[in-house]
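# A look at the structure
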There are 2 protein chains.
Amino acid sequence: MELADKLRQKIDNKTKPLGALGKLEKLAFQVGRVQNTLSPTLQNPTIVVFAGDHGIAQAGVSAYPQEVTYQMVLNFLRGGAAINVFCRQNHLALHIVDAGVKQDFQPQNNLIIAKAGYGTRNFLHKKAMSKQELDFCLAKGAEIVKKIAENGCNVIGFGEMGIGNTSAASMLMSYLCNLPLEKCVGKGTGVSEERFLQKIQVLQKAQNLHQNLSEPLDILQTFAGFEMVQMCGAMLEAYRQNMLILVDGFIATSVFLVAKFLEPTIQQNAIFCHQSSEAGHKLMLDFLQAEPLLHLDMRLGEGTGCAVAFPIIQSAVNFLNEMASFESAGVSKQEA
Amino acid sequence: MELADKLRQKIDNKTKPLGALGKLEKLAFQVGRVQNTLSPTLQNPTIVVFAGDHGIAQAGVSAYPQEVTYQMVLNFLRGGAAINVFCRQNHLALHIVDAGVKQDFQPQNNLIIAKAGYGTRNFLHKKAMSKQELDFCLAKGAEIVKKIAENGCNVIGFGEMGIGNTSAASMLMSYLCNLPLEKCVGKGTGVSEERFLQKIQVLQKAQNLHQNLSEPLDILQTFAGFEMVQMCGAMLEAYRQNMLILVDGFIATSVFLVAKFLEPTIQQNAIFCHQSSEAGHKLMLDFLQAEPLLHLDMRLGEGTGCAVAFPIIQSAVNFLNEMASFESAGVSKQEA
């Protein structure tokens, strides 16, 4: 009997009505298949948050000034942000990566310095980064994950911080899903109606400038932030290491789109942790035919969706490993 | 300034865009209001599972034979059921109550014997229980919760086990929400199409027999199981003790409907943990204007929705208590 059949049988023989654990059953099945075992485990779960600045932030697309990227990284390093709280709660290791913040940080615990530059260029005028910077970021992201895998981690989630990066994500989405910008642009961290219209205009202008893009890596180089490219390299390496990949919200999913174009089977390792309230995220998930675990109207980034969803994934693994079967518990099965 | 305003301010000053934690923010606000504090805590969280047998099970409304109630209680007591797994994972205390199972149990740890009888009567022929049994169950449920509250618990979830009890819940729903049976009947633990039609017919017959019911307690006495009435008494006592009340799926919500008719303000303490895939649950939640936390297509009962959702509630409390404010973290606020 194939492992898939054995997994299905193990799930169905648990003391519950057939299918009664819903998405937890699908999740248990997926995790078992990825790990090629009837008794999967989640080892050293880890969140990596990549941070970087965006040239496009100068075009007034965000509700926050650009220095918030730097300030929030300091907040991560001091343990005061939402992602810190949720990682502590759920016993997730947390690493912060300076992928390209405008300011420099003192070396310190939990900070990985992988700076590709002091923010990207403004894609209203030119490509966000050079080919060399792109390659550096892909390699750095991979290197970071490889080290984490060597420490025994088999489940990894990725977060980001970068003022302006919902704009970058909207561009990736528009090109890769072949959707008009209006469907891909949301209010990000909460811009006003006026600024929202301005954001669409700005991005439309950028789209007019960068035509005839079709290669995923070219699209990435043109619009993404350093933190997004490092996340892309990280996702690809996580797949090579056969880790479970926790996908967060709008920005992380736009990066996942690129990773999937480069590595079409990566999705078998991906768990879509939540559906963001950022307009467009649902469309991206639909495009991927992905079913998100949580619908909590969150739109914070930082990997918070992954961290909050983690206990649900643990529940899926635990029921598979710990629940009694009808036979072992002496419970009568469903009547025909 | 009122506590509600202070809570709103505290939430809004956390280092995140306004509203970016979505339902977690609403939850933190609710918990703070219930506990009348800016720094709420979840103390000794507990799940109580009430079990009882139903006379209506003899009418062939379930996919499982009636003795599964007894067998599953044994499974709970041995730690092999889904609710055991999720309570262990999330450090929730678990109590099992024999509210009226057909068979007797040996006294043992974690089993509370509160037997009102050896199963209810078949409501196809007469009321499920006497007024005396109803009162006994309401009092027992309250007594159990009071003791748990005395041990310092301030958040409690309720589960149930009783073959046939989705039928009882459908009856409560139909009378209390004033909805036709077809909208209130689902496939329970997974009956076949044929048995599903039979279930509707059976319940229609019962509805024809029991006309002119309008008092919630009368409806409860007519259709509910002992485990459901004890849960009702338990919810009412949890409210008197100002505990947070975790509401599970279809059956628990039907019981909550009764509790709310008796105590209209009880909902301020209630957290609706998930939306069951049992048809009808969504309609009941709509009737209550309740927003469930999880949508995982679960339909298992036992309080499993409460146990799986618990970490999300903890996340809400934790961000409120632990996240830095814009001021304390030195992060620039949103631009006007």
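Bear in mind the structure is a predicted one, so any value in this text is a computation, not a measurement.

### A word on the sheet that holds strand β3 (residues 111–113) of chain A
All names here are of chain A. One open sheet holds the 6 strands; their spatial order is β3-β2-β1-β4-β5-β6, and the pairing between them is parallel. The two strands at the open ends of the sheet, each matched to only one other strand, are β3 and β6 (270–272). If you compare each strand with its neighbour and ignore which way they point, the axes differ by 25 degrees on average. Pairing analysis gives 3 bridges linking strand β2 (residues 93–100) to β3, with the strands arranged parallel. By the bridge assignment, V97 is partnered in β3 with I112. Contacts from helix α10 (residues 226–240) reach β1 (46–52), β2, β4 (155–161) and β5 (244–247), with the element oriented near 175 degrees to β4.

### Concerning the pairing of strand β5 (residues 244–247) of chain B
Residue and element names in this part refer to chain B. Residue alternation in β5 divides its side chains into two sets, L244 and L246 and I245 and V247, and both sets are buried. With 3 bridges connecting them, strand β4 (residues 155–161) and β5 associate as parallel partners. Bridge pairing links G157 to L246 in β5. Relative to strand β6 (residues 270–272), β5 runs parallel, the two sharing 3 bridges. When the sheet's bridge partners are listed, I245 is paired in β6 with A270.

### With respect to the packing of aromatic side chains
All names here are of chain A. Per the stated rule, a full pass over the model turns up 10 aromatic pairs over all chains. Their ring planes at 35 degrees and their centres at 6.2 Å tell us that F50 and F158 sit as a pair that is tilted. With a gap of 108 residues between them, F50 in strand β1 and F158 in strand β4 connect regions that are remote in the sequence. A relative accessible area of 0% means that F158 is categorised as buried.

### So, helix α13 (residues 304–322) of chain A
For α13(A), spanning 19 residues, the distance from its first C-alpha to its last is 28 Å, which sits close to the expected 27 Å at 1.5 Å a residue. Along α13(A), the sharpest kink reaches roughly 40 degrees, centred on A:F310 and followed within four residues by the proline A:P311.

### Observations concerning the pairing of β4(A)
Residues and elements named next belong to chain A. Extensive coverage of β4 is indicated by the burial of 7 of its 7 residues. Relative to β4, β1 runs parallel, the two being bridged by 6 bridges. The residue bridging V49 from the neighbouring strand is G159, located in β4.

### Considering the environment of A:F105
Looking at the secondary structure, you find A:F105 in the loop between β2 and β3. Not counting residues within four places of it along the chain, the set of residues in contact with A:F105 comprises A:Y70, A:V73, A:L74, A:L77, A:D98, A:L111 and A:I113.

### Points about the environment of B:P40
Residue and element names in this part refer to chain B. Inspection of the secondary structure assignment puts P40 in the loop between α2 (23–35) and β1 (46–52). Along the sequence, P40 and L320 sit 280 residues apart, while their C-alpha atoms lie 8.3 Å from each other. When neighbours within four sequence positions are excluded, P40 is seen to be in contact with V31, G32, Q35, V317, L320 and N321.

### Some thoughts on the nonpolar core
Core analysis: the largest hydrophobic core is formed by 269 residues, its most contacted members being A:L24, A:F158, B:L24 and B:F158. Leaving out residues up to four positions away in the same chain, A:L24 has contacts with A:I312, A:S315, A:A316, A:F319, B:F86, B:L296, B:M298 and B:V308.

### Looking at the interface of chain A and chain B
In this assembly, 57 residues from chain A lie in contact with 57 residues from chain B. In total, about 4,800 Å² of surface goes out of reach between chain A and chain B, with carbon and sulfur atoms giving 55% of it. One salt bridge in this structure joins A:R88 and B:E322, with 2.9 Å as the shortest N-O distance. In this structure, the connection of chain A to chain B is made through 21 residue pairs in polar contact (both at pLDDT 80 or more). Along the lines of polarity and charge, the residues of the side of chain A that touches chain B split into 28 nonpolar, 17 polar and 12 charged.

### Section: the packing of helix α1 (residues 3–12) of chain B against helix α13 (residues 304–322) of chain B
Residues and elements named next belong to chain B. Taken N-terminus to C-terminus, the directions of α1 and α13 make an angle of 85 degrees; their axes are 9 Å apart at the nearest point. Between α1 and α13, the interaxial angle falls into the category roughly perpendicular. Along the contact surface, α1 presents L7, K10 and I11, while α13 presents F319, L320 and N321. Among the residues forming the contact of α1 with α13, the class breakdown is 4 nonpolar, 1 polar and 1 charged.

Reading the values: rules and limits
Residues numbered from 1 in each chain as written. Chains lettered and ligands numbered in written order. Predicted model: local features only at pLDDT ≥ 70, side-chain atom pairs only at ≥ 80, totals over all residues. Heavy atoms only, no water. Pairing = 2+ DSSP bridges. Helix = DSSP H or I, 4+ residues; strand = E, 2+ residues; numbered from the N terminus. Axes fitted to C-alpha atoms, helices over the stretch in contact; angles between N-to-C directions. Contact = heavy atoms within 4.5 Å. Buried < 20%, exposed > 50% of the residue type's maximum accessible area, 1.4 Å probe, protein only. Phe/Tyr/Trp six-rings, centres within 6.5 Å; stacked < 30°, edge-to-face > 60°. Expected span 1.5 Å × (residues − 1). Bend = angle between axes of the 7 residues up to and from the residue. Core = buried A, V, L, I, M, F, W, Y, C linked by side-chain atoms within 4.5 Å. Buried area = accessible area lost by both parts, 1.4 Å probe. Salt bridge = Lys/Arg side-chain N within 4 Å of Asp/Glu carboxyl O. Polar contact = N/O pair within 3.5 Å; in protein donor to acceptor, adjacent residues only side chain to side chain. Nonpolar A, V, L, I, M, F, W, Y, C, P; charged D, E, K, R; others polar. Parallel < 35°, antiparallel > 145°, perpendicular 65-115°, else oblique.

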